Amino acid sequence: MIRKVQKEDIKRIIKLLHQVNMVHHVLRPDLFKPYTTKYNEQELASLLNDENKPIFVYVDETVLGYAFCQVSEIKDHHLLEDIKTLYIDDICVDEKARGKHIGKALYEHVLDYAKSIGCNNITLNVWDGNDPAWHFYKDMGMQVQKTTMEVVLIPSNTKTE
């Protein structure tokens with residue numbers, strides 16, 4: 001079952017946030033610290049009632065996955081067309097529950113939600129090297145909208161304070 005997040009889900013979501021962070025840390029240890037999360041319990045609790053940042057959870061006895069979303073809208077911009085976008089900030093499926101189509105169910109739920117609130121599109125970011133995520137989103141029908149590029153000026157092992 002997929003539903004909006006509830007307060008009693010927070011501790012389980014923190015555990016899943018750790019899994020996501022470690023994927024990112026392994027890919028980019030120069031950017032992501034190990035053994036932490038992007039939100040703490042208090043920050044998650046404050047997001048529970050934010051209509052512009054809905055969080056959906058997949059529950060089967062316990063929370064097995066989540067989708068953090070952000071809704072944004074551009075209106076009357078001098079360059080850009082009016083557009084309402086749902087940005088998927090994060091999707092996670094517990095590493096022990098992968099391969100059971102939970103990610104697909106979450107993605108499709110978000111897609112239906114975005115349509116129901118009148119969004120023009122759905123966007124997200126995938127870190128280079130996160131091939132499973134890249135292939136998953138391509139399989140869901142997503143395509144590249146833009147590419148962010150970088151040059152690393154200070155290698156992580158020589159950072160100065």
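Further up the page is the structure itself.
Now for a quick tour of the structure. Bear in mind that the values here come from a model prediction, so they are computed numbers and not experimental data.

Section: the overall build of the chain
Along its length, the chain carries four helices and five strands. Its helices and strands in sequence order give the chain the pattern β-α-α-β-β-β-α-β-α, from N to C terminus. Summarising its shape, the C-alpha atoms of the chain cover approximately 50 × 50 × 35 Å along the three principal directions. Every one of the 161 residues in the chain was classed for burial, and the buried ones make up 37%. Within the chain, contacts between residues at least 6 apart in sequence are counted, and of these 61% link residues at least 24 apart. When the accessible area of the chain is evaluated, it comes to approximately 10,900 Å², of which 51% is carbon and sulfur surface. For the chain, the separation between the mean place of its 20 positive charges and that of its 24 negative charges on side chains is 3 Å.

A look at the sheet that holds strand β5 (residues 121-124)
Hydrogen bonds along the backbone pair up the strands of a sheet, which may run parallel or antiparallel. Pairing is mixed in the open sheet, where five strands are placed in the order β1-β2-β3-β4-β5. With partners counted over all chains shown, the strands left at the sheet margins are β1 (2-4) and β5, one partner each. The mean angle between the axes of side-by-side strands here comes to 30°, regardless of whether they run parallel or antiparallel. The pairing of strand β4 (residues 83-93) with β5 spans four bridges and is parallel.

Basis of the calculations
Residues numbered from 1 in each chain as written. Predicted model: local features only at pLDDT ≥ 70, side-chain atom pairs only at ≥ 80, totals over all residues. Heavy atoms only, no water. Helix = DSSP H or I, 4+ residues; strand = E, 2+ residues; numbered from the N terminus. Buried < 20%, exposed > 50% of the residue type's maximum accessible area, 1.4 Å probe, protein only. Contact = heavy atoms within 4.5 Å. Areas by Shrake-Rupley, 256 points an atom, 1.4 Å probe, with all protein chains shown as cover. Lys, Arg positive; Asp, Glu negative; His and termini not counted. Charge placed at Lys NZ, Arg CZ, Asp CG, Glu CD. Pairing = 2+ DSSP bridges. Axes fitted to C-alpha atoms, helices over the stretch in contact; angles between N-to-C directions.

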